[in-house]
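A closer look at the structure
What follows is the residue order along each chain.
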Amino acid sequence: MSSPSTAAKGPEPVPAEAPAHVEGTGQQPPELVGRSPGRLAWLRFRRDRTGMICAGVVIFYLVVALAAPLISKVYGKNPYELYGQDLGLLNSYGIPLKPNGGIDGDFWFGLEPQLGRDVFTLLIYGIRTSLGIALAVTTVSVVVGVLIGLVQGYLGGRSDYFLGRFSDLMLSFPQQLFFIAFTPVIVALFVSPRDEEPTYVRIAALVIVQFVLGWMSVGRLVRAQVLSLREREFIEAARISGASSGRIIRKELLPNIWSTILVQSTLLLPVNVTAEAGLSYLGVGILPPTPDWGLMFQQAAAYYESDVTFMFFPGIAMVIFVVAFNLLGDSVRDALDPKTVR
Amino acid sequence: MLRFLVRRVLGALVILLLISAITYFLFFFLPSDPALLSCGKNCSPQNVALIRKNLGLDLPIWTQYWHFMVGIFAGRDMPIGHCPAPCFGYSFADQQLVWDTIADRYPTTLSLAIGGATVFLCVGVGLGLVSAWQQGRAFDRIASGVSLVGNSVQIYFLGPIAIGLFASSWHVLDRGHDPDWSHDPWGSVQGLILPCMVLSVIFWSNYSRQTRSLMVEQMSEDHIRAARAKGMSSRYVFLRYALRGAAASIITIFGIDLSAVLGGAIITEVTFGLHGLGLLSVQAVLRSDLPLEMAVMLIGATIIVVCNIVVDAAYALIDPRIRLS
């Protein structure tokens with residue numbers, strides 16, 4: 001885009017004189033900054049209002065998750081103390097005495113039924129747990145998916161065939177069932193069933209099971225892209241000029257598939273968050289008393305008829321989060337690949 | 001076609017064999033001692049030894065796996081009693097035949113899956129088609145917005161709300177219960193309406209989005225323009241040409257989703273307390289009932305590979321450019 005205008009503005013190749021001439025006449029110097037594809041995408045994204053708002057929402061969630069300990073310190077409560085029971089704010093059925101789930105100046109989002117923990121800190125810590133696990137799963141899945149896709153597409157032949165069949169095999173596992181069945185198995189790998197299991201083992205197990213079935217979609221996409229790129233002239237040119245395979249992958253292939261990777265990651269993350277929350281909801285993910293987004297739904301499902309408010313906060317928070325992420329994914333795709341029809 | 005089917009079925013069998021092997025080894029060869037699990041909380045070492053012998057856990061793992069696989073096709077005699085042909089052993093938790101338990105629970109899962117899939121396919125594709133037809137107008141905007149939110153709502157949030165509204169407050173729908181088709185067909189339908197509705201929401205919103213974008217993409221293709229230039233009515237072109245082009249992709253997604261719900265819509269079943277395969281599998285995991293888990297996993301995987309083959313065959317029927325090889 002910038003090259004024709006460069007040619008039009010400076011017909012005579014006198015680069016040394018050109019700036020002096022401009023300064024002398026006091027004219028506004030035409031800005032001839034080269035725009036990289038990334039910069040163009042960023043400019044397009046900046047113009048997309050929905051995308052910017054969604055990016056703001058997503059960043060907000062990330063900040064809340066990161067700063068949860070800080071926020072709860074300022075707020076003066078923690079997600080483990082049983083305020084409702086200790087302060088006598090629950091009735092004999094374990095339902096908050098005050099209306100709307102016990103919302104007041106002290107407990108902004110009310111109290112959890114039965115145990116009486118503070119919903120606000122539960123939620124921010126829950127988001128922290130779920131988002132952290134989902135981020136880890138997404139990162140590992142994407143990295144491994146890209147690696148396998150690259151190997152498949154670039155090497156082709158037998159390694160492509162076997163990795164492809166392997167990915168077929170993994171795709172044939174019933175996903176949710178695999179998660180719930182193998183989380184205890186992996187936990188048992190680290191700790192004997194009789195011992196108290198530390199939370200980080202659970203988290204590691206959840207990350208591992210979700211990753212094991214999570215990399216195939218990225219892998220297939222990357223493979224397809226690399227297959228079509230591999231035959232292009234610029235790759236051939238690089239190879240003829242003696243570039244090593246590592247260099248071709250790093251400097252020629254990867255820059256071309258970044259956009260796919262980025263879009264896939266933004267679409268994968270909310271899926272992983274809801275999957276993790278679903279596992280905790282079913283009672284096979286994070287175990288209480290560790291705060292978790294999905295566990296809040298589990299608690300809420302038991303009390304939704306007497307205390308709807310408690311379900312409302314995690315539910316709405318999750319809908320907003322997923323909507324924002326999905327819209328962000330669409331905007332990122334539009335920004336990176338303006339050719340797609342929508 | 002025949003060659004394609006034979007090849008695919010053979011491939012599917014290999015995949016199932018591998019899945020059964022991986023699952024079996026992970027379940028039975030890991031530190032979580034199945035004998036301890038099936039024995040319960042406090043049991044004596046003698047008991048454990050006895051159970052280990054009864055379950056055949058003292059044999060080498062390969063032999064155990066071989067017995068298990070032979071049992072599925074030919075049945076086997078277990079210490080606890082004979083186990084007829086599709087033999088997945090006896091449940092650790094209640095000493096029932098695993099296959100009987102599954103056969104008992106499967107009608108619920110099947111009813112939920114068929115009901116839900118019908119709703120989400122019709123509503124989703126229908127909405128998508130109308131949105132694409134009305135592209136850019138009010139209906140399209142509203143439908144896109146609804147689909148976006150629907151796509152982002154989770155069953156564990158929507159389910160309790162739906163029960164609270166439709167069943168507890170307004171009393172217009174049943175809160176969801178297991179179907180009993182032979183004794184109470186009408187009651188079964190009523191019991192399934194709410195679960196099917198909730199289950200289908202997350203799916204149809206995806207279908208309407210996909211269908212819409214596929215149709216919009218199709219309508220900009222050259223052959224569509226050529227057909228319009230020849231003077232064909234736009235509705236005919238839309239429904240006959242563009243829909244046919246979009247159908248292949250829709251069927252692919254449908255195959256994946258259908259196989260997922262046929263293998264047990266776990267969260268829906270748990271939320272509505274339906275005693276199908278999904279709830280069964282969660283209970284099996286919580287009780288460490290390995291034979292039951294094993295069976296549910298294999299059934300789920302079988303459904304997935306069968307659906308894949310059917311989808312690929314259907315794909316070729318719809319799109320003559322694709323040759324089965």
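Residues numbered from 1 in each chain as written. Chains lettered and ligands numbered in written order. Predicted model: local features only at pLDDT ≥ 70, side-chain atom pairs only at ≥ 80, totals over all residues. Heavy atoms only, no water.

As a further point, take the UniProt feature "domain: ABC transmembrane type-1" (unreviewed entry) in chain B. The sites that UniProt annotates as "domain: ABC transmembrane type-1" (unreviewed entry) are residues 106-315 of chain B. With 82% helix and 0% strand, residues 106-315 of chain B has its two end C-alpha atoms placed 28 Å apart. (UniProt positions renumbered as here; feature names shortened; annotations may be inferred. Helix = DSSP H or I, 4+ residues; strand = E, 2+ residues; numbered from the N terminus.)

It is worth spelling out the pattern of salt bridges at this point. Residue and element names in this part refer to chain A. Under the definition given, this model contains nine salt bridges over all chains. Between Asp-168 and Arg-165 there is a salt bridge, and its shortest N-O distance comes to 3.0 Å. Here Asp-168 pairs with Arg-165, and both are found in helix 9 (residues 157-171), just three residues apart, close to one helical turn. One network of salt bridges, with partners in common, ties together Arg-165, Asp-168 and Arg-220. (Salt bridge = Lys/Arg side-chain N within 4 Å of Asp/Glu carboxyl O.)

Glancing now at a positive patch on the surface. Residues and elements named next belong to chain A. On the surface, Arg-35, Arg-39, Arg-46 and Arg-47 cluster together to form a positively charged patch. Topologically, Arg-39 is positioned in helix 3 (residues 37-47). You can call Arg-39 partly exposed: its relative accessible area is 43%. (Patch = residues over 30% accessible without salt bridge, like charges linked within 9 Å, V, L, I, M, F, W, Y side chains within 5 Å. Areas by Shrake-Rupley, 256 points an atom, 1.4 Å probe, with all protein chains shown as cover. Lys, Arg positive; Asp, Glu negative; His and termini not counted. Charge placed at Lys NZ, Arg CZ, Asp CG, Glu CD. Buried < 20%, exposed > 50% of the residue type's maximum accessible area, 1.4 Å probe, protein only.)

This next bit is on the side chain of A:Gln264. All names here are of chain A. Within the secondary structure, Gln-264 is located in helix 14 (residues 245-282). Since its relative accessible area comes to 17%, Gln-264 is described here as buried. If sequence neighbours within four positions are ignored, Gln-264 has contacts with Ser-217, Val-218 and Leu-221. (Contact = heavy atoms within 4.5 Å.)

For the rest of this paragraph, the subject is the interface of chain A and chain B. A common measure of how large an interface is: the accessible area buried when the components associate. Between chain A and chain B, the contact holds 41 residues from the first and 43 residues from the second. In this assembly, chain A packs against chain B so that about 3700 Å² is buried in total across both faces, 77% of it on carbon and sulfur atoms. Run the count over chain A and chain B and you get one salt bridge. Put simply, A:Asp330 and B:Arg209 hold a salt bridge, and the shortest N to O gap is 2.9 Å. Counting across the interface, chain A meets chain B through three residue pairs in polar contact (both at pLDDT 80 or more). Residues that form the side of chain A that touches chain B fall into these classes: 29 nonpolar, seven polar and five charged. (Buried area = accessible area lost by both parts, 1.4 Å probe. Polar contact = N/O pair within 3.5 Å; in protein donor to acceptor, adjacent residues only side chain to side chain. Nonpolar A, V, L, I, M, F, W, Y, C, P; charged D, E, K, R; others polar.)

What follows covers the UniProt feature "transmembrane region" (unreviewed entry) in chain A. Residues and elements named next belong to chain A. According to UniProt, the feature "transmembrane region" (unreviewed entry) maps to residues 52-71, 131-157, 169-191, 203-222, 267-288 and 308-329 in the numbering used here. Helix makes up 96% of residues 131-157 and strand 0%, whereas the separation of the span's terminal C-alpha atoms amounts to 38 Å. Secondary structure content for residues 308-329 is 95% helix and 0% strand, while the C-alpha to C-alpha distance between its ends is 31 Å.

For any pair of aromatic rings, the description consists of the separation of the ring centres together with the inter-plane angle of the planes. Taken as a whole and assessed by the stated rule, the structure comprises 30 aromatic pairs over all chains. A network of ring pairs unites the aromatic residues B:Tyr24, B:Phe25, B:Trp62, B:Tyr65, B:Phe68, B:Phe88 and B:Trp99 as a single cluster. The positively charged end of A:Arg165 is found above the aromatic ring belonging to A:Tyr161, 4.9 Å away from the centroid. (Phe/Tyr/Trp six-rings, centres within 6.5 Å; stacked < 30°, edge-to-face > 60°. Lys NZ or Arg CZ within 6 Å of the ring centre and 35° of its normal.)

With an omega dihedral of 10°, the bond running from A:Pro288 to A:Pro289 counts as a cis peptide bond. Among the secondary structure elements, A:Pro289 is positioned in the loop between helix 14 and helix 15 (293-303). The phi dihedral of B:His171 falls on the positive side, at around 55°, and the residue is not glycine. Assignment of secondary structure puts B:His171 in the loop between helix 7 (155-169) and helix 8 (185-219).

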